[in-house]
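If you want the building blocks of each chain, they are given just below.
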Amino acid sequence: MIRTTNLRKIYRMGNVEVKALDGVDLTIGKGEFVGIMGPSGSGKSTLLHLLGLLDLQTTGDIWLDSIDVDRLTDYEKTMFRLYKLGYVFQDYALVPELTVAENVCLPAMLRSDRKEEEYRADTVKILKQIGLSDRSSHLPRELSGGEQQRVAIARAIVNKPDILFADEPCANLDTENSSVVLDLFDEINHELKQTIIMVSHEDWHSKYFHRIIRLRDGKIVEDSG
Amino acid sequence: MGKKELKVALFLAWRSLRRGSRSSAILTIVIIGMCFTNMIFLPSLFAGIGQTIKTQIVDYEVGNVLVSPQSGDQYVTDLDATLDLINGMPGVERATPHYSKGATLKYRQRILGSSIRAIRPIDEKSVSPLYTKMIAGSYLGEGDTGEIIIGKTIAGDSSIREEDEFYPSLGGVRVGDSITVEYGNGYTKDYRVKGIFSTGWTSTDNAAFITWSDMELVEGESLDKAEYITVKTKPGYTEKSVKDVLMSYGVSPKVQTTDDLLSKAIGSVLQSFDIINMVSLIVSIIITTVVLFIVITIKTINSRKQIGILRAIGVHKEVIMHNYGFQVIILAVFGITLGIVIASLLALYLSIYPIVTPEWSAYMHLTPIDLVWNSLILFAAAVFAGYVPAYQVSREEIQSAMRV
Ligand SMILES: Nc1ncnc2c1ncn2[C@@H]1O[C@H](COP(=O)(O)OP(=O)(O)O)[C@@H](O)[C@H]1O
Ligand SMILES: [Mg+2]
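Because the structure is a prediction, the values reported are computed rather than measured.

Reading the values: rules and limits
Residues numbered from 1 in each chain as written. Chains lettered and ligands numbered in written order. Predicted model: local features only at pLDDT ≥ 70, side-chain atom pairs only at ≥ 80, totals over all residues. Heavy atoms only, no water. Helix = DSSP H or I, 4+ residues; strand = E, 2+ residues; numbered from the N terminus. Buried < 20%, exposed > 50% of the residue type's maximum accessible area, 1.4 Å probe, protein only. Contact = heavy atoms within 4.5 Å. Areas by Shrake-Rupley, 256 points an atom, 1.4 Å probe, with all protein chains shown as cover. Lys, Arg positive; Asp, Glu negative; His and termini not counted. Charge placed at Lys NZ, Arg CZ, Asp CG, Glu CD. Salt bridge = Lys/Arg side-chain N within 4 Å of Asp/Glu carboxyl O. Buried area = accessible area lost by both parts, 1.4 Å probe. Polar contact = N/O pair within 3.5 Å; in protein donor to acceptor, adjacent residues only side chain to side chain. Nonpolar A, V, L, I, M, F, W, Y, C, P; charged D, E, K, R; others polar. Phe/Tyr/Trp six-rings, centres within 6.5 Å; stacked < 30°, edge-to-face > 60°. Lys NZ or Arg CZ within 6 Å of the ring centre and 35° of its normal. Pairing = 2+ DSSP bridges. Axes fitted to C-alpha atoms, helices over the stretch in contact; angles between N-to-C directions. Domains from an automatic or database assignment.

### Some points on the overall build of chain A
Next, step 1: Counting secondary structure elements, chain A contains six helices and ten strands.
Next, step 2: Referenced to the eigenvectors of the C-alpha coordinate spread, the extents of chain A come out at roughly 50 × 40 × 35 Å.
Next, step 3: Here chain A, with 225 residues, has 54% of them falling under the buried criterion.
Next, step 4: Residue pairs in contact within chain A that sit at least 24 positions apart in sequence constitute 70% of those at least 6 positions apart.
Next, step 5: For chain A, the accessible surface area stands at approximately 9800 Å², while carbon and sulfur atoms represent 48% of it.
Next, step 6: Charge separation in chain A, taken as the distance between the mean sites of 28 positive and 36 negative side-chain charges, equals 3 Å.

### Comments concerning the pattern of salt bridges
Next, step 1: Tallied over the entire structure, the rule returns 36 salt bridges over all chains.
Next, step 2: Between B:Lys240 and B:Asp244 there is a salt bridge, with the nearest N and O atoms lying 3.0 Å from each other. With B:Lys240 and B:Asp244 both in helix 8 (residues 239–248) and four residues apart, the pair spans about one turn of that helix.
Next, step 3: You can call B:Asp244 partly exposed: its relative accessible area is 35%.
Next, step 4: The salt bridge partner of B:Asp260 is B:Lys243, with a shortest N-O separation of 2.9 Å. Of this pair, B:Asp260 sits in helix 9 (residues 258–265) while B:Lys243 sits in helix 8, and the two are 17 residues apart along the sequence.
Next, step 5: By relative accessible area, B:Asp260 is classed as partly exposed at 24%.
Next, step 6: When salt bridges with common partners are traced through the structure, they connect A:Arg114, A:Glu118, A:Asp122 and A:Lys160 into a single cluster.

### With respect to the interface of chain B and chain A
Next, step 1: Facing the 25 residues of chain B at the interface are 31 residues of chain A.
Next, step 2: Of the roughly 2600 Å² buried between chain B and chain A, counting both surfaces, carbon and sulfur atoms make up 63%.
Next, step 3: Contact with chain A buries area across many residues of chain B, yet B:Lys4, B:Arg19 and B:Ile313 alone supply 23% of it, more than any other trio.
Next, step 4: Inspection of the region where chain B meets chain A yields four salt bridges.
Next, step 5: Scanning the region where chain B abuts chain A turns up eight residue pairs in polar contact (both at pLDDT 80 or more).
Next, step 6: Across the side of chain B that touches chain A, the residue classes tally to eleven nonpolar, six polar and eight charged.

### Things to note about helix 2 (residues 74–84) of chain A
Next, step 1: Listing the buried residues of helix 2 of chain A in full gives A:Lys77, A:Thr78, A:Met79, A:Phe80, A:Arg81 and A:Leu82.
Next, step 2: For helix 2 of chain A, the elements touching its buried residues are strand 4 (59–64), strand 5 (67–68), strand 6 (85–88) and helix 3 (100–109) of chain A together with helix 11 (304–312) and helix 14 (398–402) of chain B.

### Some points on the packing of aromatic side chains
Next, step 1: For the coordinates displayed, the defined rule picks out eleven aromatic pairs over all chains.
Next, step 2: Taking the centre distance of 6.3 Å and the plane angle of 85° together, the rings of A:Phe33 and A:Phe185 count as edge-to-face. On the criterion of sequence distance, the pair formed by A:Phe33 in strand 3 (residues 33–37) and A:Phe185 in helix 6 (residues 175–192) is long-range, its members being 152 residues apart.
Next, step 3: Look at B:Tyr99 and B:Trp212: their rings are 6.2 Å apart centre to centre, the planes differ by 75°, and that puts the pair in the edge-to-face class. One end of the pair, B:Tyr99, is in strand 2 (residues 92–107); the other, B:Trp212, is in helix 7 (residues 212–219), with 113 residues separating them in the sequence.
Next, step 4: Linked through ring pairs, A:Phe33, A:Phe185 and A:Phe209 together constitute an aromatic cluster.
Next, step 5: For B:Arg120, the ring lying beneath its charged end belongs to B:Trp212, and the centroid distance is 4.9 Å.
Next, step 6: A cation over an aromatic ring shows up here: B:Lys225 above the ring of B:Tyr75, its NZ or CZ 4.4 Å from the ring centre.

### Some points on the sheet that holds strand 6 of chain A
Residue and element names in this part refer to chain A.
Next, step 1: Strand order in the open sheet made by the six strands is 6-7-8-3-9-10, with mixed pairing throughout. Where the open sheet ends on each side, the last strands, each with one partner, are strand 6 and strand 10 (219–224). When the angles between neighbouring strand axes are averaged without regard to direction, this sheet yields 15°.
Next, step 2: By the bridge criterion, five bridges tie strand 7 (residues 163–167) to strand 8 (residues 195–199) in an arrangement that is parallel. Residue pairing in the sheet places Asp167 in a bridge with Val199 of strand 8.

### With respect to the pairing of strand 4 of chain A
All names here are of chain A.
Next, step 1: Pairing analysis gives five bridges linking strand 1 (residues 2–13) to strand 4, with the strands arranged antiparallel. When the bridges of strand 4 are listed, Thr5 appears paired with Asp61.
Next, step 2: Relative to strand 5, strand 4 is paired through two bridges, and the arrangement is antiparallel. Looking at the pairing, Leu64 lines up with Ile67 of strand 5.
Next, step 3: Between the antiparallel neighbours strand 4 and strand 5 lie two residues, among them Asp65 with a positive phi of about 50°.

### Topic: the domain arrangement of chain B
Accessible area lost when the parts come together is the quantity often used to give the size of an interface.
Residue and element names in this part refer to chain B.
Next, step 1: Domain annotation for chain B reports domain 1 (3–57 + 268–402) and domain 2 (69–253).
Next, step 2: Here domain 1 and domain 2 have C-alpha centroids that lie 52 Å from each other.
Next, step 3: Domain 1 puts six residues into the contact, and the matching count from domain 2 is six residues.
Next, step 4: Taken together, the two surfaces of domain 1 and domain 2 that pack against each other cover about 470 Å², and 45% of this comes from carbon and sulfur.
Next, step 5: Run the count over domain 1 and domain 2 and you get zero salt bridges.

### Structural notes on the sheet that holds strand 5 of chain A
Strands in a sheet are paired, the pairing made by backbone hydrogen bonds, and the direction either parallel or antiparallel.
Residues and elements named next belong to chain A.
Next, step 1: Strand order in the open sheet formed by four strands is 2-1-4-5, and the pairing between neighbours is antiparallel. The sheet is open, and its two edges are formed by strand 2 (16–28) and strand 5, each paired on a single side.
Next, step 2: Where strand 1 lies against strand 2, ten bridges are found, and the strand directions are antiparallel. Following the sheet pairing, Ile2 is matched in strand 2 by Ile28.
Next, step 3: Sitting on the sheet, helix 1 (residues 44–51) touches strand 1, strand 2 and strand 4, and the angle it makes with strand 1 is about 120°.

### Considering the environment of B:Pro253
Residues and elements named next belong to chain B.
Next, step 1: Its location among the elements puts Pro253 in the loop between helix 8 and strand 10 (254–257).
Next, step 2: Its relative accessible area of 56% is what places Pro253 among the exposed residues.
Next, step 3: C-alpha of Pro253 to C-alpha of Tyr60: the two residues are 193 residues apart in sequence and 23 Å apart in space.
Next, step 4: Beyond its immediate sequence surroundings of up to four residues, Pro253 is in contact with Gln70 and Met247.

Here it is, written out as structure tokens:
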């Protein structure tokens, strides 16, 4: 469902060229729970952003669901992200003026194939699943970091995306909260056959991943699946 | 950009204003309201002043339409026929002649130069409301002889010393007193003061009136001529239309409406008002634009990362842009509403307690059209000021926004 060939991303800053990704070929299938690991600066975020249609590669191709994403217009990419992809970032970036439930609903509100009663019901269900049912009308600032990240995950999965991307979702969390998040990922991967691609540089996370892609200097140095 | 997207943008905007910083929203609304008031206040005050001046000129000087002798002539001749002709025209309420003569007024020790105006009281009453402005005694009657009515300024006040007077006066004339009038042609006569009026219009309050028949005695002949004729129009007729009718019937080659006269007389004053109005308008627009620009820019800068992430999860950039755009629109609507309330209250206050000077009394001449027009201008400026930063932030690369 995801395929890349010879993916390169070069950042130019004046005369200096940074090869953030230097020829990445990979294929990821449906239902996989993939961990992208490697030291800081090795290109993990860059790869995730390219796969998630948040950035443009310098050269190489990306196919998502057999679609050459280069052919999509900016608007089509936005719609692709809205309808097919979900994201969780290191920063939870919830809308501070929206309640927990409203934050979770937001992407669903924008979809023309979703009815209000339906996504409201889904929201209730998901909040229950992440253990925040009683906080649904709270504002994000009234929640702890771990709770906010769980809300961000709920927001990412409310539309039942084909692929869930997560860029160091546990970076700001302590071990206990990290485990909660990882268990949640494990659960949705198992129960919903949710494809998850997660970036991490914490070794202890690796036990959750079914497959680990290790990057160094923009190249894949290990792919265990 | 569908209905759904606009709905979400409005939802985000409303929530952001309701649950965001209350004080900054209120402050912004107050500033817009003040700018609106500033935009409205001076221009409508000037309009009010202009209006009171115009009213006084119509009431006490020239009527709605002024018929003057053709250039080169000193008088409108063939007066009675001319008056009959004018009075028969459609749209004419009444026409009344004026004839004045320079004279010296004497009362006790005081001597005062003035001009004595002759009127036909019955006709004059249909044109000028002077007869309602009597503060003592009564107005002239049609057949009065040897009677005069004088303005408050001429009458003076016996309690004010002569050297303290702003305008010279006869030093405290009262109704029933006798004053001596010596005309330029040497004719001298004592008149009994029948009434004293006060209009607030300086040149009228410095005038004295006698009947037409008394003036005929002064001139020693029957007066079938006038210096000018003032015409009152009927309600529903414009001054211009009556002027055109009078012109077309060849009443006189010189027929002018009040507006014709005003544009000559106070045109330059109105021009300087226009400049002041323009400055206050531009200043208000600039302040509103800058304030809203700053408010929205700060909002967007503080939320760059959040905006990046919202876009990442599939919120289209148009939704982001309209979110901030709607916030500005909502703030502007509240601000302008506040401004309308403040301006209306000011107008109400000034209508109850106008600023009164000898020449004019100032109230705010505020029409719904002024309010609508200024609202639209300010609204447009506000929307522009908000959408510029909103547009910019919504176009930023998702990547760089998220990396902040
Ligand atoms: N916008 C950018 N401009 C310039 N260099 C960048 C930019 N983004 C990333 N890089 C560089 O690309 C490399 C890979 O970055 P990144 O993918 O963020 O690494 P990781 O997520 O593994 O820490 C780093 O050397 C980083 O400095
Ligand atoms: Mg990274």
